[in-house]
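Take a look at the letters that make up each chain.
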Amino acid sequence: MSHQRKVVGRGLGALLASRQVPPAPAADAASASTPAPNVLPSESIQQIPLNSLDRNPYQTRSVSFGGLEELGASIEAVGLLQPIVVRPVAGGRYQVIAGERRWEAVRQLRHRSIAAIVRPVSNEQAMEMTIVENLQRVELTCMEQARGYERLAREFALSQEELAQRTGKQRSSVGNFLRLLKLPPSVQAMLDQGQLSFGHAKALMGLESPEEVEQLAQRIVALSFSVRQTEKAATNLAHARRRAERIDLVYPNLREGGQQLQQRLGVHVTVTYRNRKGKIVIEYSSLEEFDRIVATIRTEARRTGN
């Protein structure tokens, strides 16, 4: 496996090197204004028929085709400013490594071909190039980045330090993204949908119980918690859990009663006991939630006749 890391890494380094080579003659409106990019001696710039192109099988993110009208209008006006990158595969076909949006825009313009840098790379190199390119994009969700790091580590047996070197990121940042994959699936879905931010997720990762993580995540979304509010709530939960563990050793009925009260009120409840005295702390995050708690207690009191 270490041999594979060495080969792949050296291959990617070579791919990122550059040498100026004149472009191939333009044969389509899509390449009329294409500047000469940096290519390697083993590469070439060609006009590739659109019907000879296949999508990238190693793509780890969802490619958005929104806003193609503007991109298409720009290509019509000044030509394709940057060729796509492809690699040759069997049967005279090519796989797109980079530039799927440009390819789609040119296709919608009904051009027959597109300017492309033809880069002869292996499956492993194509996969690594795709993942690294994706991880350098700013519009990825934090979960898309986490899955990209995980796949890069899994496919090429890379450590977090090596991942940081390949992607130009801090090792601590890589580690935080990988920790997101340990969150419950429902919380990961909230991150994918933009309901939670990376800052929210970092606070949630400080909790040990998946149930606590899910419950707090739901409160964050329902009450629009800021990151600071989330950090405070997570700290309170962690402290409450440690206190409850101590209480449970001597008075298990106190913890059970606190849990029942918490379930009935739908908010976090802390029960403490010290020197033969104790407190029941009911947390709320807004005046509306306070009113709801008071109404619930009153309804319960009327029901029991107290």
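Below: a short report on this structure. Owing to the predicted nature of the structure, the values given are computational and were not obtained by experimental measurement.

## Regarding the sheet that holds strand E7 (residues 113–118)
Reading across the sheet, the five strands line up as E3-E7-E5-E6-E4 and stay open at both edges, with mixed pairing between neighbours. The open sheet has two edge strands, strand E3 (44–49) and strand E4 (53–54), and neither has a second partner. Here strand E5 (residues 84–89) pairs with strand E6 (residues 93–98) via five bridges, running antiparallel. Paired with Val 89 across the strands is Arg 93, a residue of E6.

## Overview of the pattern of salt bridges
The final tally for this structure, using the stated rule, is twelve salt bridges. Arg 119 is the salt-bridge partner of Glu 43, the closest N and O atoms lying 2.8 Å from each other. With a gap of 76 residues between them, Glu 43 in the loop between strand E2 (38–39) and E3 and Arg 119 in the loop between E7 and helix H4 (123–135) connect regions that are remote in the sequence. Residue classification places Glu 43 among the buried residues on the basis of a relative accessible area of 7%. Taking relative accessible area as the criterion, Arg 119 reaches 11% and is therefore assigned buried. In this structure, the salt-bridge partner of Arg 55 is Glu 104, at a minimum N-O distance of 3.4 Å. Note that Arg 55 is positioned in the loop between E4 and helix H2 (68–78) and Glu 104 in helix H3 (residues 100–108), a separation of 49 residues in sequence.

## Section: the nonpolar core
Side chains of a nonpolar character, in soluble globular proteins, are inclined to be buried together. Among the nonpolar cores identified, the biggest contains 42 residues, and Leu 152, Leu 180, Leu 183, Leu 191, Leu 196, Leu 204 and Leu 216 are the most heavily contacted of them. Here the element with the most residues in this core is helix H5 (residues 142–156); it accounts for seven residues. Discounting chain neighbours no more than four positions away, the residues touching Leu 191 are Thr 141, Cys 142, Met 143, Leu 180, Leu 183, Leu 196, Ser 197 and Ala 201. Membership of the second largest hydrophobic core comes to 17 residues, among which are Ile 75, Leu 80, Tyr 94 and Val 118.

Rules behind the numbers
Residues numbered from 1 in each chain as written. Predicted model: local features only at pLDDT ≥ 70, side-chain atom pairs only at ≥ 80, totals over all residues. Heavy atoms only, no water. Pairing = 2+ DSSP bridges. Helix = DSSP H or I, 4+ residues; strand = E, 2+ residues; numbered from the N terminus. Salt bridge = Lys/Arg side-chain N within 4 Å of Asp/Glu carboxyl O. Buried < 20%, exposed > 50% of the residue type's maximum accessible area, 1.4 Å probe, protein only. Core = buried A, V, L, I, M, F, W, Y, C linked by side-chain atoms within 4.5 Å. Contact = heavy atoms within 4.5 Å.

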